[in-house]
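Geometric and topological summary
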Amino acid sequence: MELLLAIALAVVVMTLSIPILGSIFGGRELEETFTKFEDFARQAQAKAMKEHRTFLVVWNEEGGLTIEPEIFSADDSEAELPNLPYGGAELKLERPFSLEDKPVAEWPFWRSGACEPVRVSYKGREGRWIAEFDALSARGTIIEMEN
């Protein structure tokens, strides 16, 4: 009888812990999407500083991001543009300090390494997050995250 009670108790504890473990691992996948995006932004920042010219992170209609020079040169036509696909997820750019009413979905990184402060929203199967990116460091701060 005691053995059956112990087994039943173990089953109840396991049943209750499975959703908690799922949300922990699900949160890790969601954080990875933010980390990949932030790394891509840092890549644009490093490229701008290395080449001493402005680069843009461009939202493409095909469902991905590319890093493109603001002004193309002859050397750029042969170079492959860094790309970050985000598949079926929704990734939006807000440029609250833009001088335009409806700015294009491009995020500039100037040769100094500074960038325009932006807000980026992600929504995918892992969950959603909203992050604000600092103009001087291009580091993102998550302001909302939901599995």
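Because the structure is predicted, anything quoted here is derived from the model rather than measured.

**Thoughts on the packing of aromatic side chains**
- One pass over the full model with this rule turns up nine aromatic pairs.
- An angle of 85° between the planes, with centres 5.2 Å apart, marks the rings of Phe 34 and Trp 129 as edge-to-face. One end of the pair, Phe 34, is in helix α1 (residues 2-51); the other, Trp 129, is in strand β7 (residues 127-133), and 95 residues separate them in sequence. The same class applies to Phe 34 and to Trp 129, which are both buried.
- Taken together, a centroid distance of 6.2 Å and an interplanar angle of 5° make the contact between Phe 37 and Trp 107 stacked. Of this pair, Phe 37 sits in helix α1 while Trp 107 is found in strand β5 (residues 106-109), placing the two residues 70 residues apart along the sequence. Per residue, the accessibility class of Phe 37 equals that of Trp 107, and both read buried.
- Members of the aromatic cluster, each reached through a chain of ring pairs, are Phe 34, Phe 37, Trp 59, Trp 107, Phe 109, Tyr 122, Trp 129 and Phe 133.

Calculation criteria
- Residues numbered from 1 in each chain as written.
- Predicted model: local features only at pLDDT ≥ 70, side-chain atom pairs only at ≥ 80, totals over all residues.
- Heavy atoms only, no water.
- Phe/Tyr/Trp six-rings, centres within 6.5 Å; stacked < 30°, edge-to-face > 60°.
- Helix = DSSP H or I, 4+ residues; strand = E, 2+ residues; numbered from the N terminus.
- Buried < 20%, exposed > 50% of the residue type's maximum accessible area, 1.4 Å probe, protein only.

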